[in-house]
Amino acid sequence: MASARNDHDNAADPKSPDGGTPSNTEKDPSEWTTGDEPMTGAQASYLKTLSEEAKEEFDPSLNKADASRRIDELQNKTGRGKQS
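No experiment lies behind these values; they were computed from the predicted model shown.

## Concerning the environment of Thr-49
Structurally, the position occupied by Thr-49 is in helix α1 (residues 41-54). When the C-alpha atoms of Thr-49 and Leu-74 are compared, they prove to be 9.8 Å apart, with 25 residues separating the residues in sequence.

Take a look at the structure:
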């Protein structure tokens, strides 16, 4: 589901494919220009799933940046999103 969470992905190589500037997927959510916008539908869907698995409350009012941080937190708690 990486394409649905583009703002959230954690690529192994922070450089763009051409070796230039760091990828947007590596920016800290606090630096996102759209971080204050409402979370995307994909973020909401994934966050609902993670919240259910972690038996934690889902907050539909999160913005994009906060949703991304919450996804990280819940992925760590549930073991999801770990690369082999």
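## Some details on the pattern of salt bridges
Tallying each qualifying case throughout the model produces six salt bridges. With a closest N to O distance of 2.5 Å, Glu-56 and Arg-70 form a salt bridge. Taken together, the residues span a long stretch of sequence, with Glu-56 in the loop between α1 and α2 (64-78) and Arg-70 in helix α2 at a distance of 14 residues. Accessibility expressed as a relative area gives 28% for Glu-56, which makes it partly exposed. Take Arg-70: its relative accessible area is 17%, and that puts it in the buried class. Two residues, Arg-70 and Glu-73, come together in a salt bridge whose shortest N-O distance is 2.2 Å. Placement of the pair is Arg-70 and Glu-73 together in helix α2, with a separation of three residues, close to one helical turn. Taking the relative accessible area as the measure of exposure, Glu-73 reaches 46% and is therefore partly exposed. Here the residues in one salt-bridge network are Glu-56, Arg-70, Glu-73 and Lys-77, joined through shared partners.

The rules behind the values
Residues numbered from 1 in each chain as written. Predicted model: local features only at pLDDT ≥ 70, side-chain atom pairs only at ≥ 80, totals over all residues. Heavy atoms only, no water. Helix = DSSP H or I, 4+ residues; strand = E, 2+ residues; numbered from the N terminus. Salt bridge = Lys/Arg side-chain N within 4 Å of Asp/Glu carboxyl O. Buried < 20%, exposed > 50% of the residue type's maximum accessible area, 1.4 Å probe, protein only.

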